[in-house]
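Overview (structure and organization)
Residues per chain are reported as follows:
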Amino acid sequence: MSFGGNAVTAAFCCAKLGIVPDLIATVANDWLGRMFQDMSAKYGISIHPRKVNSSSLSFIMPKDGKRAIVRCRDDEHIHPFPLLNLGGCRALHIDGHQPDAAIHYAKLCREAGILTSLDGGGLRTTPTSSWNSSTSPSSPNGYASRWTSSRMRCWIISKAAAAGSVASPWASAACSGMTRPVAVRALPALPIPRDRVLDTNGAGDVFHGAYVYSYLSYPGKSWHEHFDFARAASTYKIQRLGNEAGLPTLADIDAVKREFSVSV
């Protein structure tokens, strides 16, 4: 039993690496909701709850490097999303589970010049409005596979490039980075033996949390370097069963880089 969800796992990853975020998340007054808040407290994460009647619950069944997911989610929000003070905020990472909140904060951060990162894999509605407000969209393989036309993919890339930067783990074994002006640089997956891949669930979310951490910790580095850091983090994750067990430390990421002789 562990925490889960796109932006939620990214937040826990960032906290484990050393920068503890605030998190807007749905919370129910049930045993799962209380367990989730206990998990958050363990990592020092401040939860700004949005009340629902029942906690979301997923069953993940990993097999042969892939996974099946049975998800039960309560999207009937009882109250509006919390209104937070963004003073001192340096980055925003959003997914699509609360589109009204995502759009609201993406617009505010865009106006304030704050980096906004979007995990497109959790989108439940059209991405146009939120991506128009984001500055660093990111789309995992599952989402891109549902939008397979070259026209739609070009739209995604053009919106992301115009905004600033995009990371996209579109291929099952690779991710690519793009920065303004439009230029594609590929980061192939690290050559990890297949028999060491135990659980790919949450790998993309760890990737997002790691590059946000890298951006906040080393703002002078290039996005290629941030994505290289995140690639090592997600490589660590897929070798561990469960989201919490797969959260890397800085030492873990360094060990992955040393093993695979990663150089930017």
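This text follows the structure it describes.
The notes below deal with the structure included here. (Residues numbered from 1 in each chain as written. Predicted model: local features only at pLDDT ≥ 70, side-chain atom pairs only at ≥ 80, totals over all residues. Heavy atoms only, no water.)

Examining the environment of Ser-217
Convention followed: Only DSSP runs of H or I reaching four residues or more are called helices, and only runs of E reaching two or more are called strands; each is numbered from the N terminus. Partly exposed residues are those whose accessible area sits between 20% and 50% of the maximum for their type, while under 20% is buried and over 50% is exposed, using a 1.4 Å probe and protein chains only.
Along the polypeptide, Ser-217 turns up in helix α7 (residues 203–217). Residue Ser-217 is classed as partly exposed on the basis of its relative accessible area, which comes to 27%.

Observations regarding the packing of helix α8 (residues 223–237) against helix α9 (residues 250–259)
For clarity, the cut-off: Fitting a line to C-alpha atoms yields each axis, with helices limited to the stretch in contact; the angle taken between N-to-C directions then spans 0 to 180 degrees. The cut-offs work like this: below 35 degrees is roughly parallel, past 145 is roughly antiparallel, 65 to 115 is roughly perpendicular, and the gaps in between are oblique. Note on definitions: a residue-residue contact is assigned when non-hydrogen atoms from the two residues lie within 4.5 Å. Gly counts as polar in this scheme, as do all residues outside two lists: the nonpolar Ala, Val, Leu, Ile, Met, Phe, Trp, Tyr, Cys and Pro, and the charged Asp, Glu, Lys and Arg.
The interhelical angle for the contact between α8 and α9, taken along N-to-C directions, is 95 degrees, at an axis separation of 9 Å. By the criterion of interaxial angle, the relationship of α8 to α9 is roughly perpendicular. Across the interface between the two elements, Asp-228, Phe-229, Ala-232, Ala-233, Thr-235 and Tyr-236 from α8 touch Leu-250, Asp-252, Ile-253, Val-256 and Lys-257 from α9. Its residues assigned to classes, the contact of α8 with α9 shows seven nonpolar, one polar and three charged.

Concerning the pattern of salt bridges
Stated precisely, the cut-off is as follows: Salt bridges are identified by distance alone: a Lys or Arg side-chain nitrogen within 4 Å of an Asp or Glu carboxyl oxygen.
Under the criterion given, the structure shown has seven salt bridges. Asp-100 is the partner of Arg-50 in a salt bridge, and the nearest nitrogen-oxygen pair spans 2.8 Å. With Arg-50 in strand β2 (residues 46–51) and Asp-100 in helix α3 (residues 99–112), the pair connects residues that are 50 residues apart, well separated along the chain. Residue Asp-228 is joined to Lys-257 by a salt bridge in which the shortest nitrogen-to-oxygen separation is 3.4 Å. Of the two residues, Asp-228 sits in helix α8 while Lys-257 sits in helix α9, which places them 29 residues apart along the sequence.

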